[in-house]
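Here's the letter readout for the chains.
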Amino acid sequence: MAELGATIAGQLRAGDLVTLNGELGAGKTTLTRGLGEALGVRGAVTSPTFVLARTHPRVDGAPLVHVDAYRLSSAIELDDLDIDFAASVVVVEWGEGLLDGITDEWLQLDIVRPVGGTVTDDGVEAREITVTGHGARWADLAWLER
């Protein structure tokens, strides 16, 4: 998951929004850690569970804002967090259905950790990940194919 985060980080710029959907333990925060490391954020990327949103500054570039929308019920509540979406790279865990009016363009990852999933020879537990691009910014996902 961290490797996928690093791959995605190479495409991100200020104003980009990424949503991560999946059950607890699916790998949402691990993916965000890989993304943050590749972006060069200062400090550790941890789950923002108790603060809803945590800003991770970068030495060079837009900050990474990591949002846990688990307790939010609408786009209005997400907007009330007063996040500077235009000047930040924003990753929203549990963000499905909360983007109305926030943006017309975002990258959505739906992550499934299969029950009794297989583990590879290098100890990695398999995940099923569906990546969907919304809007013109994310219309071409060819960079993700490998």
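Residues numbered from 1 in each chain as written. Predicted model: local features only at pLDDT ≥ 70, side-chain atom pairs only at ≥ 80, totals over all residues. Heavy atoms only, no water.

1. Concerning the packing of aromatic side chains
Across all of its chains, the model carries two aromatic pairs by this definition. One Lys or Arg, R137, reaches over the ring of W138 and ends 4.3 Å from the middle of that ring. (Phe/Tyr/Trp six-rings, centres within 6.5 Å; stacked < 30°, edge-to-face > 60°. Lys NZ or Arg CZ within 6 Å of the ring centre and 35° of its normal.)

2. Regarding the packing of helix 1 (residues 2-9) against helix 2 (residues 28-39)
Packing of helix 1 against helix 2 leaves a shortest axis separation of 6 Å and a crossing angle of 45 degrees. In terms of axis orientation, helix 1 runs oblique to helix 2. Once helix 1 is placed against helix 2, the crossing between them reads as right-handed. Residues A2, L4, G5, A6, I8 and A9 of helix 1 form the contact with helix 2, whose participating residues are T30, L31, G34, L35, A38 and L39. (Axes fitted to C-alpha atoms, helices over the stretch in contact; angles between N-to-C directions. Helix = DSSP H or I, 4+ residues; strand = E, 2+ residues; numbered from the N terminus. Parallel < 35°, antiparallel > 145°, perpendicular 65-115°, else oblique. Left-handed = near helix turned anticlockwise from the far one by under 90°. Contact = heavy atoms within 4.5 Å.)

3. Concerning the pairing of strand 1 (residues 17-21)
Along a regular strand, successive side chains alternate from one face of the sheet to the other. Judged by how many residues are buried, strand 1 sits mostly within the fold: five of five residues are covered. Neither face of strand 1 is left uncovered, since the one carrying L17, T19 and N21 and the one carrying V18 and L20 both have all their residues buried. Both strand 1 and strand 4 (residues 89-93) contribute to a ladder of four bridges, which runs parallel. Bridge pairing links L20 to E93 in strand 4. Across four bridges, the pairing between strand 1 and strand 5 (residues 106-112) is parallel. Directly across from T19, in strand 5, lies its bridge partner Q108. (Buried < 20%, exposed > 50% of the residue type's maximum accessible area, 1.4 Å probe, protein only. Pairing = 2+ DSSP bridges.)

4. A closer look at helix 2
A rise of 1.5 Å per residue sets the reference length of helix 2, with its twelve residues, at 16 Å; its end C-alpha atoms lie 17 Å apart and thus fit the reference within 8%. If you check which residues of helix 2 are buried, you get K28, T29, L31, T32, G34, L35, G36 and L39. Turning to helix 2, the residues buried within the fold contact helix 1, strand 1, strand 3 (64-68), strand 4 and strand 5. Following helix 2 by one or two positions, G40 adopts a phi angle in the positive range, close to 80 degrees. (Expected span 1.5 Å × (residues − 1).)

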